[in-house]
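Observations on the model geometry
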Amino acid sequence: MTKNLLTSAVLAGVAAGLIAALLQFTFVIPHLMEGELYETGARIHFATDGSTQSDRMQPSIGTDFTRHGMTIAFNMITYTGYGLILLALMIFANDKGHTLTPRTGLIWGVAGFVAVQLAPGIGQPPVLPGAIGSEVGPRQAWWAMTIIATAVALALIAFGKGRIALLSIPLMLAPHIIGAPYLDTYFGVAPPELSARFAALSFGTALAGWSSLGFLCAWFWTRADDA
Amino acid sequence: MTTKTASIARDDTSSALGLAIAVLAGVFLLVASGMAQATVLHDAAHDQRHAMAFPCH
């Protein structure tokens, strides 16, 4: 059983990581590399004479196969990590009578996206390279706390009996009322349009990655369990 | 379909230990891929960390 869990999570994580990486190369990385031109000063958007224009031109993602290979590899590691936790929770629910199928797995995946990407991303949106943030420790703590609070809230909605599900509302709101750590200065050098597109595309690819992860975890596990 | 449901129910032996091991392994991988500050690891994971919005620096 545990062996099925580990095998299924790794297979699903590697596949979802590959899907996510390919989507990132198509949508996210070109924006990231365009942002790097502003980070390094190769391009300047906010010129000193008061003009705030710069040409929109995406660099090709190039032939740095080591860099992009690492992006694929680390996506696989990240999605495998999330997959191990997600599938352990799925199996726990399955043992409690909430039968796991690839379809319910897909819902688990979307819920994972909401808890792990969307909720913390509302307070700390994905940022381009070169963005300056507050001290990393408190931001990581807020990030982890938000994920846990949102995940518990979603579990209450999905499995809570009666009015206990209403507890999910304060749970989901709490991290945002406390508020993510923020600086009192804006440091951004990249055009706001570019940053916004980068953030939105990151969410989009993460949603695809997480949906794939949930579906595939359930798919591999239900099949392994049959055999 | 009926057979499948039955077989899942019969194999209902997932130990708490097994689930805990999976969660710990997952957290370990995430710390390595998303949080670890070692320069080599940070640079290699750079693009992926930005795309996945890890609060890493």
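For the structure given in this document, a descriptive report is provided here.

What counts as what
- Residues numbered from 1 in each chain as written.
- Chains lettered and ligands numbered in written order.
- Predicted model: local features only at pLDDT ≥ 70, side-chain atom pairs only at ≥ 80, totals over all residues.
- Heavy atoms only, no water.
- Helix = DSSP H or I, 4+ residues; strand = E, 2+ residues; numbered from the N terminus.
- Buried < 20%, exposed > 50% of the residue type's maximum accessible area, 1.4 Å probe, protein only.
- Areas by Shrake-Rupley, 256 points an atom, 1.4 Å probe, with all protein chains shown as cover.
- Core = buried A, V, L, I, M, F, W, Y, C linked by side-chain atoms within 4.5 Å.
- Contact = heavy atoms within 4.5 Å.
- Buried area = accessible area lost by both parts, 1.4 Å probe.
- Salt bridge = Lys/Arg side-chain N within 4 Å of Asp/Glu carboxyl O.
- Nonpolar A, V, L, I, M, F, W, Y, C, P; charged D, E, K, R; others polar.
- Phe/Tyr/Trp six-rings, centres within 6.5 Å; stacked < 30°, edge-to-face > 60°.
- Axes fitted to C-alpha atoms, helices over the stretch in contact; angles between N-to-C directions.
- Parallel < 35°, antiparallel > 145°, perpendicular 65-115°, else oblique.
- Left-handed = near helix turned anticlockwise from the far one by under 90°.

1. Re the overall build of chain B
- If you tally the helices and strands in chain B, you get three helices and zero strands.
- Counting only residues that meet the buried cut, chain B has 46% of its 57 residues in that class.
- Accessible surface, chain B: about 2900 Å² in total, of which carbon and sulfur atoms supply 74%.

2. A few points about the nonpolar core
- One finds Tyr79, Tyr82, Leu87, Trp210 and Leu213 of chain A to be the most contacted residues of the largest nonpolar core, which totals 35 residues.
- Among the secondary structure elements, those contributing two or more residues to this core are α1 (2–39), α2 (65–95), α3 (102–123), α4 (136–159) and α6 (192–226) of chain A together with α2 (16–35) of chain B.
- In this structure, Tyr38, Ala190 and Leu194 of chain A together with Ala51 of chain B belong to the second largest nonpolar core, which totals 13 residues.

3. Considering the interface of chain A and chain B
- Taken together, the contact pairs 45 residues of chain A with 35 residues of chain B.
- Taking both partners together, chain A and chain B bury about 3500 Å²; carbon and sulfur atoms supply 67% of that area.
- Linking chain A with chain B are one salt bridge.
- A salt bridge links Arg67 of chain A to Asp47 of chain B; its shortest N-O distance comes to 2.7 Å.
- If you list the elements that add at least two residues to the side of chain A that touches chain B, you get α1, α2, α4 and α6 of chain A.
- When the residues that make up the side of chain A that touches chain B are grouped by side-chain class, the tally is 26 nonpolar, 13 polar and six charged.

4. Considerations on the environment of Leu18 of chain A
Residues and elements named next belong to chain A.
- Residue placement: Leu18 occurs in helix α1.
- The spatial distance from the C-alpha of Leu18 to the C-alpha of Ala196 is 25 Å, given a sequence separation of 178 residues.
- Once residues within four sequence positions are removed from consideration, Leu18 is found in contact with Ile72 and Met76.

5. Let's talk about the packing of aromatic side chains
- Taken as a whole and assessed by the stated rule, the structure comprises seven aromatic pairs over all chains.
- Judged by centre distance (4.8 Å) and plane angle (45°), the rings of Tyr82 of chain A and Trp210 of chain A are tilted. Pair noted here: Tyr82 of chain A is in helix α2 and Trp210 of chain A is in helix α6, with a separation of 128 residues, a long-range link.
- With a centroid separation of 6.0 Å and 40° between ring planes, the pair formed by Trp108 of chain A and Phe159 of chain A is classed as tilted. Placement of Trp108 of chain A in helix α3 and of Phe159 of chain A in helix α4 is noted, with a sequence separation of 51 residues between them.
- Every member of this aromatic cluster is reached through a ring pair, and the members are Tyr79, Tyr82, Trp143 and Trp210 of chain A together with Phe54 of chain B.

6. Details of the pattern of salt bridges
- Tallied over the full model, the rule gives three salt bridges over all chains.
- With its nearest N and O atoms 3.2 Å apart, the salt bridge here joins Arg43 of chain A to Glu34 of chain A.
- Taking relative accessible area as the criterion, Glu34 of chain A reaches 3% and is therefore assigned buried.
- Here the salt bridges share partners, and the residues they tie into one network are Glu36 and Arg67 of chain A together with Asp47 of chain B.

7. Observations regarding the packing of α3 of chain A against α4 of chain A
Residue and element names in this part refer to chain A.
- Between α3 and α4, the least distance of the axes is 9 Å, while the angle of their chain directions is 140°. By the angle class used here, α3 and α4 are oblique. Here the hand of the crossing between α3 and α4 comes out right-handed. On α4, the residues touching Trp108, Ala111, Val114, Ala115, Val116, Ala119, Pro120 and Gly123 of α3 are Trp142, Trp143, Thr146, Ile147, Thr150, Ala151, Leu154 and Phe159.

Remember, this is a structural readout, not a statement about activity or role.
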